[in-house]
Amino acid sequence: MNQAQQWVASGQQNSLLESQPGHSTVTFSRKIQTDSHIETVTEKPHEDKISETNGSIKLTNWITKEFILKELREYTPPKINATADLKKQLDKYKPVDFGHNLNVKPPAQSDFIKSLKNPCWKVDATLHCLPYFYLLGFPKSGTTDLWTRISRHPQQAWKADNWQSGDAWHNKEVQWWTWFRFSGSTQLDARHTEGRLLNTYTRRFKEQLFKKNSSMSSNIITGDGSVSLIYDVSFHSRSVVPAKVSTNKPITAPDLTIASLIRLYTPQSKFIIIMRDPVDAMYSHYQYWPRGRARSPANFHHRVVQVLSMYTDCFKRYSIRACAYDPNLLEESDRQGVRLYHVLYVVYLSDWFKVFPREQFLIARTEDYDKDVNGHMEKIFKFLDISVLKNDTMSKISGPAHMNVRNNTPYLKETLELFQNFIKPFNDALADLLGDQRFAWNRS
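Caption draft 1: Just the sheet that holds strand 10 (residues 361–365), in detail. If you walk across this open sheet you meet the four strands as 8-7-9-10, and the pairing is parallel. The open sheet is flanked by strand 8 (223–224) and strand 10, the only strands paired with a single partner. By the bridge criterion, four bridges tie strand 7 (residues 133–137) to strand 9 (residues 270–275) in an arrangement that is parallel. Along strand 9, the bridge assignment pairs Gly137 with Ile273.

Caption draft 2: Highlighting the state of the cysteines. Inspection of every chain in the model, using the stated rule, returns two disulfides. Shown here is the disulfide that connects Cys120 with Cys129, its sulfur atoms set 2.1 Å apart. For the disulfide bridge between Cys120 and Cys129, the dihedral angle about the S-S bond is near 110°, and by the sign convention the bridge is right-handed. Residue class for Cys129 comes out buried when judged on its relative accessible area of 0%. Numbered by position along the chain, the disulfide-linked cysteines of the protein chain connect as 1-2, 3-4.

Caption draft 3: Here's a closer look at the nonpolar core. Judged by nonpolar contacts, the single largest core of 96 residues is most densely connected at Trp177, Met275, Tyr348, Leu349, Trp352, Phe419 and Phe426. Ranked by size, the runner-up nonpolar core spans 23 residues in total, among them Leu146, Ile272, Ile380 and Leu389.

Caption draft 4: Focus on the packing of aromatic side chains. Taken as a whole, this structure holds 31 aromatic pairs when the rule is applied. Relative to Tyr265, the ring of Trp177 has its centre 6.2 Å away and its plane inclined at 55°; by these criteria the two rings are tilted. Residue Trp177 is located in the loop between helix 5 (168–172) and helix 6 (198–209), and its partner Tyr265 is located in helix 8 (residues 258–265); the two are separated by 88 residues in the primary sequence. Each of the two residues, Trp177 as well as Tyr265, counts as buried.

Caption draft 5: Representation of the pairing of strand 10 within the structure. With five of five residues buried, strand 10 is to be regarded as a mostly interior element. With five bridges joining them, strand 9 and strand 10 adopt parallel strand pairing. Bridge pairing links Ile273 to Ile363 in strand 10.

Caption draft 6: Looking closely at the environment of Leu434. Tracing the chain through its elements places Leu434 in helix 17 (residues 413–434). Taking the C-alpha atoms as reference points, Leu434 and Leu349, 85 residues apart in sequence, are found 9.2 Å from one another. Discounting residues that sit within four places of it in the chain, Leu434 has contacts with Met275, Leu349, Phe353, Arg358, Ile363 and Phe439.

Caption draft 7: Spotlight on the pattern of salt bridges. The final tally for this structure, using the stated rule, is 18 salt bridges. Of the charged contacts in the structure, one is a salt bridge between Glu207 and Arg203, with a shortest N-O distance of 3.9 Å. Taken together, the positions of Glu207 and Arg203, both in helix 6 and four residues apart, correspond to about one turn of that helix. For Arg203, a relative accessible area of 33% translates into the label partly exposed. Note that Asp277 and Arg443 form a salt bridge whose closest N and O atoms lie 3.0 Å from each other. Taken as a pair, Asp277 in the loop between strand 9 and helix 9 (278–288) and Arg443 in the segment after helix 17 lie far apart in primary sequence, 166 residues in all. Looking at Asp277, the relative accessible area reads 7%, which means it is buried. Arg443 sits in the partly exposed class, given a relative accessible area of 36%. Several salt bridges share partner residues, and in doing so they unite Arg365, Asp368, Asp436 and Arg438 into one network.

Caption draft 8: Here's a closer look at the side chain of His301. In this structure, His301 sits in helix 10 (residues 297–317). Its relative accessible area of 8% is what places His301 among the buried residues.

Caption draft 9: Region of interest: helix 8. A large share of helix 8 lies buried, amounting to seven of its eight residues. Buried within helix 8 are the following residues: Ile258, Ala259, Ser260, Leu261, Ile262, Leu264 and Tyr265. Where helix 8 is buried, its residues meet helix 3 (86–90), strand 5 (120–123), strand 7, helix 6, strand 9 and helix 13 (345–353).

Caption draft 10: Main features of the packing of helix 10 against helix 12 (residues 327–336). Following both chains from N to C, one finds helix 10 and helix 12 inclined at 170°, their axes separated by 10 Å at the closest point. One finds that helix 10 runs roughly antiparallel with respect to helix 12. Along the contact surface, helix 10 presents Arg303, Gln306, Val307, Met310, Tyr311 and Cys314, while helix 12 presents Leu329, Leu330, Glu332, Ser333, Arg335 and Gln336. Split by residue class, the contact of helix 10 with helix 12 holds six nonpolar, three polar and three charged.

What counts and what doesn't
- Residues numbered from 1 in each chain as written.
- Predicted model: local features only at pLDDT ≥ 70, side-chain atom pairs only at ≥ 80, totals over all residues.
- Heavy atoms only, no water.
- Pairing = 2+ DSSP bridges.
- Helix = DSSP H or I, 4+ residues; strand = E, 2+ residues; numbered from the N terminus.
- Disulfide = S-S within 2.5 Å.
- Buried < 20%, exposed > 50% of the residue type's maximum accessible area, 1.4 Å probe, protein only.
- Core = buried A, V, L, I, M, F, W, Y, C linked by side-chain atoms within 4.5 Å.
- Phe/Tyr/Trp six-rings, centres within 6.5 Å; stacked < 30°, edge-to-face > 60°.
- Contact = heavy atoms within 4.5 Å.
- Salt bridge = Lys/Arg side-chain N within 4 Å of Asp/Glu carboxyl O.
- Axes fitted to C-alpha atoms, helices over the stretch in contact; angles between N-to-C directions.
- Parallel < 35°, antiparallel > 145°, perpendicular 65-115°, else oblique.
- Nonpolar A, V, L, I, M, F, W, Y, C, P; charged D, E, K, R; others polar.

Take a look at the structure:
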């Protein structure tokens, strides 16, 4: 049993998942760090965490916007020298083996081929190319729909014409930085096991770029829509070397994120981020995954209570960043089907803003995008510095119905109240970070 599972309520009658009106004795087993050792204790929940009101469980969050922002400001990414031994440098930091399979030397700015809009360079006569832009996230926020529309621009290398061919996910979510460079786990699709080395990843974009045009003068661009890049730094630890994920030691925050690796290779990269009201995004994922599980608004509510309780316990003992990135909490959230880590937006954006300047990001809300697709696509094309299209072409890009839309049974009012109470300081911190109160998602 890992640390996150020890945070899950223990005992069938007392578990949060099975909580019934009138039952208030919920017990938790968790690791407590002392000066000399770690011990397991069982305790009743602190009154500022869980209480029952009118027969329903209520979680009271003690964290404030100011607390979150202050703590996030304390993180400073380590500086990596692109001209020195990468593996030796990266091995000094967490997560483990973060420099795995980076077998291509990072280019100097002067190495990029100036006649190509997309970042490409040569190493010993071998051409390497990386994405011009990344669609970073977030899951269940409309990234598939957005990616498809971007792909219909004539300057985008990969076209969306064959979206239903079965290879669409593979073309959008390459997942090399977070997953496939650590392939070898049984969790990976066997067809991707050849993609472990960076030169395989760079070859992918070279082939996309020159599939129809062999000229070394081109304004065509490529992109990577892997939405795990912004939040997942632990796949190798979770799936390839699980022994390196300690279940008996206090959890710690990562020193590095994928942002630092991308900056080593393409410091001028552009990033597009779209975010959705967190409770809607979590509920959408609950309905989507894992497949084959019975679902209901009541079941979702109980699972939300369980996951929020785990994270609240974690925040009491460890930093916001440590809990947001913790692989054990991530695994347990996945098991519950309530991926809370997906919607702690402010944590990940704060980290990435410390690696790349703010002007290299375009940030949108799903709710605004849904109301004005055409306006958002025009802003995105301008941000990517690709050609402005005629109205008839734009209508073909913006006009089709949204993709991956599901009509879900509404979640319970109690779930909304419970989750809003938890997520509000995170949303408020995000709104402050971005200087835009729309990202607080205040519901009147």
